[in-house]
Each structure stands twice: as structure tokens, then as C-alpha cells.
Amino acid sequence: MAEVTVTTTPAPAAPAEARPSRRQVWWALLALATGSFMIGTTEFVSMGLLPQIAAGVGVSVPTAGHVISAYALGVVVGAPVLAVLGARLPRRGLLLSLMAVMLVGNALTALAQGYGQLMGARFLSGLPHGAYFGVAALVAADLVSPKRRAQAVSLVMTGLTVATLLGVPVATRLGQLLGWRAAYGLVVVLAVATLLLVVLLVPRMAADRGASGRTELRALREPQVLLTALAGAIGFGGMFAVYTYIASTVTEVARQPEAMVPVYLLAFGTGSVLGTLLGGRLADWSVLRATVYGALAMGVLLAVFALVAESVVLGMLTVFAISGAGGIFTIGLQMRLIHVAGAARTLGAALNHSALNAANALGAWLGGLVVAAGFGYSSTAWVGVVLSALGLGVLGVSVLLQRRSTAAALSSASTS
């Protein structure tokens, strides 16, 4: 597959006097990854505790799935809005403000007394999600050389995937033992830790002087930005259609005890960590290939899961592989959006998470529909196959238009 060259506005380099040492870079990446770990924990723990949350607020499991959609919609709304409003703010201060809102939202989640309050708290918790990841990705990319930017971004994103490996299983088990509210209490503790680490370890970085709300909004008029985001919003919904209902799939389809749910989550997390790290290396080699191969593998593996969900061993192995392919896909999307956004880097970086959480909402909603229709929890995997195929199709259209645009530009240059 031929790579398409994307012309972008060069990222502003950190001032020489403020450029940190290699050791400081790694500590800064650790602080940023801690925030990712906290966000990953709060985003995904709801899925492992969905039956307990449903019982706690007196609704059905499919209805409780809308709590996950509320968080995702918060991300979809918050990512572009906060990215535009914060485009000219110093990045460390913006990161701290976003994390403070996450802290408040999760505290309100733990204290919610009814379904309506819980929906509102989850929406608020999701608002800073995409903007945090977008700003953190830009900070990470600007701390290292251009040849290592995708790897630096993948290390920050690894915090999210490590959350699926450790944070989500631990918080899920804590919620099973002490009540679902305890899981969000743990998230609040992680938010406080992130605030402290960002203050201590992330260097002060001036805002991009060329950035403005108007400049950032121009990205929304770029077909490549919109098509890439749409490919993520649809294609990654396939994984969420399965993952949202993984707890019920384990107990109802594989006929395993509730204690096995964290084990499946551990398999998912392990694959996600490895896939994200591999995605960073693949994206530094070829952003396009990383994105396409990740999407294609995810769709095929979702079809496999639909066939083997009743088997504990095969089911866990497939979940591991699905999450690995998803990790590659998300890193590819993140870097592609930064590239095609040009000067609107903050919004481009944030839109990846807006797209992925639109996928979260779409997958959870469509998965809930097929379950409520009586097709069973394993049917969510077939929903995932369809969504993955559609997302890959949108990505194909994006690449085709990009190649035509490049060819036209070259033709015009040769005749002038």
C-alpha cells in the first residue's frame, strides 16, 4: 500500500531554554500517562460494573448502558469545544484545569442518588476527556524529535491501555466487593495524584502563539479531518458494541461466574497495551498502514469472537487480539488527525477522542438494541463487524480523495 504524503504546518518547537532533558521527558510522559490511566479507568469501569450500577439505580442493564453513552457524548461535545476555547492557553495550566473537572465529575458520580443524577455526572466527567488527551498528545509530541513523536504519543496513550489492564479490573473488583460507588472513589484518588504529578513533572510550555479559536475551527472544514474522524467514530464502535456488554457476555454466553469478568478485562487490557505500543512504532513507519491494518484486523477478529464467545479460552484470546488491533487503529487515527489538521493541531488531536467516544456511544446503543431485541449478547459482535467494515470504507474514501488531491496538485505544478 503506497503511503500518501500529507503536507502539514510544522509543529512549533519548544524554546531552547525550556527544552527538557531526556530524563525530564520520561518523567513528564509518566505524569501525562497517569492522567490517561485515570481517564481510562473511569471510562471503562462502568462496563464491568453495569449490572451493579443498574441494580443500584433501579434500571435494566440495557438502560444502564445509556450511562456509558452519556459519558461518551460528554467527550464528543467537550473535545472540540474545549480544544477551541483552550487553544491559546498555556498547556500545563490547561491540563490541570481539565483534570480538575474530571475530579469533580467522578466525585459527583460516586455520590449520585438516582439515574438522572448519574447520567448528568457521567456527562460532566466526559467533557474534559478528549481535550486532555489532545493537549497531552501535543505536549508529548513537542517534547521529542519528529521521528519519535508517534512513540511519545503512544506512551501517553499507554496509560489508558494500562488502565484496561490494571485499573479497570481492580476498580471492577473493588466495585463488586464494596459497591459500585467505591470504584469511582478510586478514580477520584487517581485524579488527585495526576494533578500533583503534572504540577511537579510536566514542564511549563507556552501556548502556540499562532493558535486561535478561529484557526482551530478551520479544521472542521477540511474533508480529510472530517472523514478520518468519521472513520474512527464508526469503525471503533465495533469494539465498543462488544466491550460494553462484556460482563453479561461472560456470565450469560460463556456461563462463567461474576469473578471471571475482571479476568476478561485483564485479557483486554493486555492486548490494548501491546497494541498501543506496537501502534506507535507502526505509525512512525507509516500512519496510513497502521490505521488501515488495525481497522481490518479488528473487524475480522470481531467476527471470530461471535463464533467462539461460548469458549472461555478462545473467547479471552480473541478479546486480547481485538483490543490489540484496536490499539494500533487508535494510534494511527491520532497521528493521522494531527497530520491532516495542519495548523489546527489542538482540535485535530482532540477530535480523535471525540470520534472514539462517538464510537463508544454508537456501539453501546446499537449493542443494546440487538440485546433488547432478544438476539443475545454474542450478537453484539456481529454489530461490531458491520461497524468495522463501514469505518474501513470511510477510511478508504478518505485515502482515495487524498490521492486524487495530491495527483491534481502535482499535475498543476508540472504544467505551471
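First, a word on scope: everything that follows refers to the structure included in this document. This structure is a prediction, so every number in the text was calculated from the model and none was measured.

**Points about the packing of aromatic side chains**
Move 1: Summed over the entire model, instances satisfying the criterion amount to 8 aromatic pairs.
Move 2: Measuring from ring centre to ring centre gives 6.0 Å for Y132 and F133, while their planes differ by 80 degrees; the resulting arrangement is edge-to-face. Summarising the burial analysis for this pair, Y132 and F133 share the class buried.
Move 3: Counting every residue linked through ring pairs, the aromatic cluster contains F44, F236, F240, Y243, F268 and F329.

**Re helix α1 (residues 22-48)**
Move 1: Helix length check: α1, at 27 residues, gives a terminal C-alpha distance of 38 Å against a target of 39 Å (1.5 Å per residue), a fit within 8%.
Move 2: T42 marks where α1 bends most, by close to 25 degrees.

**With respect to unusual backbone geometry**
Move 1: Positive phi, close to 55 degrees, is recorded for R255, a residue that is not glycine.
Move 2: Structurally, the position occupied by R255 is in the loop between α12 (246-253) and α13 (261-285).

**Let's talk about helix α3 (residues 61-85)**
Move 1: When the terminal C-alpha atoms of α3 are compared, their 37 Å separation across 25 residues agrees well with the 36 Å that a helix rising 1.5 Å per residue should span.
Move 2: A maximum bend of about 35 degrees is found in α3 at G78, where proline P80 lies one to four positions downstream.

**A short note on the environment of R255**
Move 1: On the accessibility criterion, R255 (70% relative accessible area) is exposed.
Move 2: Remark: the alpha-carbon pair of R255 and E310, spanning 55 residues in sequence, is separated by 7.6 Å.

**Quick look at the packing of helix α2 (residues 50-57) against α3**
Move 1: Orientation of α2 relative to α3, taken along the N-to-C sense of each, is 105 degrees, at an axis distance of 9 Å. With respect to α3, the axis of α2 lies roughly perpendicular. The residues of α3 that touch α2, namely those facing L50, P51 and A54, are V61, A64, G65 and I68.
Move 2: For the contact of α2 with α3, the class distribution of residues is 6 nonpolar, 1 polar and no charged.

**What to know about the environment of V77**
Move 1: Checked against the element boundaries, V77 lands in helix α3.
Move 2: Classification of V77 by relative accessible area gives partly exposed; the value is 42%.
Move 3: For the pair V77 and S354, spaced 277 residues apart in sequence, the C-alpha to C-alpha distance is 7.4 Å.
Move 4: Beyond its immediate sequence surroundings of up to four residues, V77 is in contact with F123 and L127.

**Overview of the packing of helix α4 (residues 91-111) against helix α8 (residues 180-201)**
Move 1: Their axes nearest at 8 Å, the elements α4 and α8 cross at an angle of 165 degrees. It follows that α4 is roughly antiparallel to α8 by the angle criterion. Two packed elements cross with a definite hand, and for α4 against α8 that hand is left-handed. Contacts between α4 and α8 involve R92, L96, M99, A100, L103, N106, A107, T109, A110 and L111 on the former and, on the latter, W180, R181, Y184, G185, V187, V188, A191, V192, T194, L195, V198 and V199.

Basis of the calculations
Residues numbered from 1 in each chain as written. Predicted model: local features only at pLDDT ≥ 70, side-chain atom pairs only at ≥ 80, totals over all residues. Heavy atoms only, no water. Phe/Tyr/Trp six-rings, centres within 6.5 Å; stacked < 30°, edge-to-face > 60°. Buried < 20%, exposed > 50% of the residue type's maximum accessible area, 1.4 Å probe, protein only. Helix = DSSP H or I, 4+ residues; strand = E, 2+ residues; numbered from the N terminus. Expected span 1.5 Å × (residues − 1). Bend = angle between axes of the 7 residues up to and from the residue. Axes fitted to C-alpha atoms, helices over the stretch in contact; angles between N-to-C directions. Parallel < 35°, antiparallel > 145°, perpendicular 65-115°, else oblique. Contact = heavy atoms within 4.5 Å. Nonpolar A, V, L, I, M, F, W, Y, C, P; charged D, E, K, R; others polar. Left-handed = near helix turned anticlockwise from the far one by under 90°.

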